[in-house]
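This is what each chain is made of:
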Amino acid sequence: SGLVSIPKSLTLLGANAGIAPTTGNSGEAVGTRGPETIISHNGLYALSIGADDVTIDGIKIVSASGSRNVTTTGTSVRNLTIRNTIVDVTNGPASAAAVQLDSNADYTGLTLEYNQFTVRGSSWGVYFGGATATFAEATISKNTFQTGGYAIFTARPTTDFVIDENTFDGTIDGVANTGSSNINGGELGNLQLTGNLFTDTSSYGAVVGVDGATISGNTFRRNVYYGLGLWGGEWGTAASANSTISN
C-alpha cells in the first residue's frame, strides 16, 4: 500500500484491535492475534496523522527500507494513541524514527501502549523533535522496543512524561547486544521512569536530564556499557536535580 493519510479525528481499528502483541515488562498475558491488517510501504511515510484525537489500534506496519513509518502534519496532534500495533522495519536509516513526531505541533496527551517495535538498521523507535513542538502528558507503557538506534530519543523538553513497564531489548533477530534500544532524553520534567527492563543493549540503558523525576523499579542487565546515566547540562541538556532514584 502507499501512504495512508488521516486528516481528521478518527479511530482506525485493525483486525487485531484490542489484542496486544506484547505487554512489555508488565507481566500481563500477551493476546492471541489472528491475520494482520498490514500497511506496507517502502521508503518514508506509511501513515501520516494530521489531527487531534486519532487512535490507531491493532494494525501492523511493515517497511523493507526507510523509516518515519508514522509521521505527523499540521500544528495540533493532541491525544494521539497508538496501541496493540506491530512496527517491523527491515533496514531503517540513521537519524529517523519509526514514529517521528517533529512537525512543530502540540502533541499533548500522546499514548503509546502494548506496541511491538522491531526496527533493524540504525533507525530509532520514537523521536520527539521539531523546533517549536510541545510535548506534555505523554505515556509510553507496556511496549517492547528492539531497535538498532535509540528506542526513545527526545530533542525537545517534555513535562509529565510517564515511561513505565516497557521492555528495551537489544536482541534483534535472536542476536543479543545488536541494537541500542535505549532512552536518551535531555529535558524531561516530572519524568516517571518506573518498572522497565533494559536488557542486552549494545550501549547503555537510559541517559536522562531530569527535574522532579521518580526513577524506580527498573532492571538493567547485560548492557554493554552502563544502566542509568544522568545528564548534567552537556549538549544543552538539563542539569539533573530534585529527583528520586530507587530500586
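Residues numbered from 1 in each chain as written. Predicted model: local features only at pLDDT ≥ 70, side-chain atom pairs only at ≥ 80, totals over all residues. Heavy atoms only, no water.

(A) Structural detail: the overall build of the protein chain. Across its full length, the protein chain carries zero helices and 28 strands. For the protein chain, whose C-alpha radius of gyration is 17 Å, the value lies close to the compact-globule estimate of 18 Å for 247 residues. Considering the protein chain as a whole, with its 247 residues, one finds that 55% of them fall into the buried category. Pairs at least 24 residues apart make up 66% of the contacts formed inside the protein chain by residues separated by at least 6 positions. (Helix = DSSP H or I, 4+ residues; strand = E, 2+ residues; numbered from the N terminus. Rg over C-alpha atoms; globule rule 2.2 N^0.38 Å. Buried < 20%, exposed > 50% of the residue type's maximum accessible area, 1.4 Å probe, protein only. Contact = heavy atoms within 4.5 Å.)

(B) Up close: the pairing of strand S13 (residues 124-128). Extensive coverage of S13 is indicated by the burial of five of its five residues. One ladder, built from four bridges, connects strand S10 (residues 97-101) with S13; its direction is parallel. Following the sheet pairing, Gln100 is matched in S13 by Tyr127. (Pairing = 2+ DSSP bridges.)

(C) Focus on the sheet that holds strand S2 (residues 10-13). Read from one edge to the other, the open sheet built from nine strands follows the order S2-S5-S8-S11-S15-S19-S22-S25-S28, with strand pairing classed as parallel. Taken across any chain shown, the strands that pair with only one partner, and hence form the sheet edges, are S2 and strand S28 (244-246). On average, adjacent strands in this sheet sit at an angle of 5 degrees to one another, irrespective of strand direction. (Axes fitted to C-alpha atoms, helices over the stretch in contact; angles between N-to-C directions.)

(D) Representation of the side chain of Asn69 within the structure. Structurally, Asn69 can be placed in the loop between strand S6 (60-63) and strand S7 (70-72). Setting aside chain neighbours within four positions, we find Asn69 in contact with Tyr45, Ala46, Leu47, Ile61, Ser63, Val87, Val89, Ala97 and Ala98.

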